[in-house]
Amino acid sequence: MRDDPQDDSGAAERVPEVWTGRAVNRAQWPLAALGAACMALGIELAVDSPWTSGIAPLLMSVIGCVAAGLLILFGTLAFVHVHVRVDKEAVEVRCGHVGLPRRRIPLENVVGAYFAPRVTPHEWGGWGYRWRPEKGTAVVVRRGEGLVVRLGDGRVFTVTVDDAEVAVRVIRDRLRRMAAARRAAQA
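From a predicted model like this one, the values you see are computed outputs, not experimental measurements. (Residues numbered from 1 in each chain as written. Predicted model: local features only at pLDDT ≥ 70, side-chain atom pairs only at ≥ 80, totals over all residues. Heavy atoms only, no water.)

Burial within strand β5 (residues 110-119) is extensive, with seven of its 10 residues counted as buried. Note that β5 and strand β8 (residues 144-151) share seven bridges and pair antiparallel. Counterpart to A116 in the pairing with β8 is G146. (Buried < 20%, exposed > 50% of the residue type's maximum accessible area, 1.4 Å probe, protein only. Helix = DSSP H or I, 4+ residues; strand = E, 2+ residues; numbered from the N terminus. Pairing = 2+ DSSP bridges.)

As structure tokens, then:
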């Protein structure tokens, strides 16, 4: 993690009011195809069964193929891409085509944002929505740059996203504005 991706203390550069970014992992499409193939095999077994050894083995095979296919298919499609949005209120992370799982982090709970130049699935234990006690929570859809958000309760949330340095600048700008508004309200 780098604490300061660029010198953003002068606020010389304008930050957008709403920042959006995304990351895509095309390597998971073959896994989704494998899941669809498992489902197709289960359906084929159910419709055109050559089994003569009884209904129980056939039923177990059909249910096993369909269940495995659904798990693989939806498990991979949920993490083919991630969409991150930073506005004046929160950081919102949505995964996959349906937008689930979703995480919304109010900026009032954020104490810092950092740029991670290299986040890998290996360091988090694979692709997807991950939790590691020593590292925090992460949404990892591909290897590459990421956004790290430190929360007030000490937890850390990491997400792989393109242009993470811009997201860090936007979050830091929002945090400075919120701190200035609090100081003005107290005065």
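If you walk across this open sheet you meet the four strands as β1-β2-β3-β4, and the pairing is antiparallel. Either end of the sheet is taken by a strand with one partner, and the two such strands are β1 (19-24) and β4 (102-106). The sheet shows a mean angle of 10 degrees between the axes of neighbouring strands, taken without regard to direction. Here five bridges tie strand β2 (residues 81-86) to strand β3 (residues 90-95), and the two strands are oriented antiparallel to one another. For V82, the partnering residue across the bridge sits in β3 and is C95. Across the sheet, helix α4 (residues 164-186) is in contact with β1, β2 and β3; its angle to β1 comes to roughly 150 degrees. (Axes fitted to C-alpha atoms, helices over the stretch in contact; angles between N-to-C directions. Contact = heavy atoms within 4.5 Å.)

Burial along β4 is one-sided: R103 and I105 are buried, and none of R102, R104 and P106, which face the opposite way, are. As paired strands, β3 and β4 are joined by five bridges and run antiparallel to one another. The partner of E92 across the bridge, within β4, is R104. Between β3 and β4, which pair antiparallel and follow one another directly, the connecting turn spans six residues, one of which, G96, has a positive phi of 70 degrees.

This paragraph deals with the sheet that holds strand β9 (residues 156-160). Taken in spatial order, the five strands make up an open sheet running β5-β8-β9-β7-β6, and their pairing is mixed. Strands at the two margins of the open sheet, each flanked by one partner only, are β5 and β6 (128-132). Each strand axis lies, on average, 20 degrees off the axis of its neighbour in the sheet, ignoring direction. Of the strand pairs in this sheet, β8 and β9 are connected by five bridges, and their pairing is antiparallel. When the bridges of β9 are listed, V148 appears paired with T158. The strands touched by α4 are β5 and β8; relative to β5, the strand with the most contacts, the crossing angle is about 170 degrees.

Helix length check: α4 (23 residues) gives 33 Å between terminal C-alpha atoms against 33 Å at 1.5 Å per residue, within 8%. Among the residues of α4, those classed as buried are A164, A167, V168, R169, V170, I171, R172, D173, R174 and L175. Buried residues in α4 make contact with β1, β2, β3, β5 and β8. (Expected span 1.5 Å × (residues − 1).)

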